[in-house]
Amino acid sequence: GRYAGCVFLQAGNLQHWSLIRHMAGLRMKRVDELAEAAADLLVQQKQFSFGLEPISEEITIRSPLPSEELKQCIYKVYGQDFSAAVLAQELLVYLAMFIRSEPALFNSMLRLRISLIMRVMASELARKTGCAAHDASDQLINLTPFEMKDLLHFILSGKEFLIEDVLGEDGHVTERRSVVAKSHRRQPLHRPDGEQSLGSLTVHLDDLDDIDLDEDAEDDNDQQLRHGEWLRRRQLDGALNRVPVDFYSKVWHILNQCDGIVLGRHHFPSQPTTSEMTAGELKFALELESTLNKIPQPEYRQLVVEALMILSIVTTCDPNQILQGYLNMDEILQEANNAFLQEQLAADGDATQCCCANKTIQSGLCGAAYGICVHLYDCAPSGRFGTMSYLSRAVTQRCRHSPRSEDVATDDSPPDCVSQ
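Residues numbered from 1 in each chain as written. Predicted model: local features only at pLDDT ≥ 70, side-chain atom pairs only at ≥ 80, totals over all residues. Heavy atoms only, no water.

Draft legend 1. Inspection of the environment of Leu 42 at higher detail. Relative to the assigned elements, Leu 42 resides in helix H3 (residues 34–43). In contact with Leu 42, other than residues within four places in its own chain, are Gln 47, Phe 48, Ile 61, Arg 62, Ser 63 and Pro 64. (Helix = DSSP H or I, 4+ residues; strand = E, 2+ residues; numbered from the N terminus. Contact = heavy atoms within 4.5 Å.)

Draft legend 2. Seen up close, the packing of helix H10 (residues 229–239) against helix H14 (residues 298–317). At a minimum axis separation of 7 Å, H10 and H14 run at an interaxial angle of 90°. One element, H10, and the other, H14, form an angle in the roughly perpendicular class. Taken together, the residues of H14 that come into contact with H10 (itself represented by Leu 231, Arg 234, Gln 235, Asp 237, Gly 238 and Ala 239) are Pro 298, Glu 299, Arg 301, Gln 302, Leu 303 and Glu 306. Along the lines of polarity and charge, the residues of the contact of H10 with H14 split into four nonpolar, three polar and five charged. (Axes fitted to C-alpha atoms, helices over the stretch in contact; angles between N-to-C directions. Parallel < 35°, antiparallel > 145°, perpendicular 65-115°, else oblique. Nonpolar A, V, L, I, M, F, W, Y, C, P; charged D, E, K, R; others polar.)

Draft legend 3. Region of the structure containing the packing of aromatic side chains. The full count for this structure, using the stated rule, is five aromatic pairs. A ring pair is formed by Phe 48 and Phe 50, whose centres lie 5.7 Å apart and whose planes are at 80°; its orientation type is edge-to-face. Each of the two residues, Phe 48 as well as Phe 50, counts as buried. Judged by centre distance (5.5 Å) and plane angle (85°), the rings of Phe 340 and Tyr 390 are edge-to-face. Taken together, the positions of Phe 340 in helix H15 (residues 329–347) and Tyr 390 in helix H17 (residues 387–399) put the pair 50 residues apart, joining distant regions of the chain. In this pair, the class of Phe 340 matches that of Tyr 390, namely buried. (Phe/Tyr/Trp six-rings, centres within 6.5 Å; stacked < 30°, edge-to-face > 60°. Buried < 20%, exposed > 50% of the residue type's maximum accessible area, 1.4 Å probe, protein only.)

Draft legend 4. Layout of the confidence of the model for the chain. Averaged over all residues, the pLDDT of the chain equals 78, while 77% of them reach at least 70. Across residues 183–225, confidence stays below pLDDT 50; counting only partners more than four residues off in sequence or on other chains, it has 88 contacts. Counting contacts from residues 402–420, a segment whose pLDDT is below 50, to residues more than four positions away or on other chains yields 36 contacts. (pLDDT = per-residue confidence, 0-100.)

As structure tokens, this is what we get:
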């Protein structure tokens, strides 16, 4: 205990934040105002959870708890991952700060999955630095509290960020990462020998007017930002459980016209759901969100949300449309993916490099979630090649051929086309 305390104090003096967090977790430390932060979220009707299956049990906090009880819950979920346990507490406090100052950031969110937010933060670092997921997690843990709060804010707001180096007192590039807004961006740094320095973690706003970069390099960077932009948005929105306005009530009306919906082989029945809950009831929204959260990949979850919105539009515009049996959203997305690949093959599009290689359609060849082509995940919603176009066709076709309830598989195993 004394040795751990000395290491903790020395890490604090050196501002080695990954070691500080690890030692704080090893000593079962609790951040200040933990219970108050939880209460701030709950009073705004925002539940939150720790843990992420199948790695660990996911525990949802629905009512206020004393600080010590909440701390024990967190350490139970994260087990021997002491750094994650401390980081989870830290993020909870920051989320409470943001919901007090910028409640609009949390619009259309019901449950904040803190472990999934941590994973998305690490994946964003990996995307920018080009490093492995494990290395990105180490970089995340080593951010200063101020930088961690800034990065979380940009994740919530969906702002883009770029990478930049930090110099030490001796003028050399350090290993520590920095997070700043683009408006505060420094000029590109160079090593003493004249070589361009390596990138580090700097968050930026989308303000390109005051950046002095080589034009060719800037064009390349802009192209890289555009490529993967919609995939990133879907991953962020899916991880944050963000849905369109009136999404839950619209799904309730869909359920009221059919026997149920199948989401990732998870069965969401119409009865007794619609007879026991109203369209605007929070309980219904939480039930639907819990079913959606069983889908492990956030980008696929978000495509399901988009497909349900399209289905709502179709049934609203055509009141005579009859929905029979169960609506299998996985099949709808597969049909949309097939239509997308057929057009990609005809137009010699980007998908010819993966799922349409060798002039044949091979769904799932790119390895993206649930056998959906990664380029479909990266399509904008609107436009000729937008996801709305393919989803609308698939929804219209599927509404005419809704299967009987006894024909629908409802086990928890993913379908054969799923790429885990």
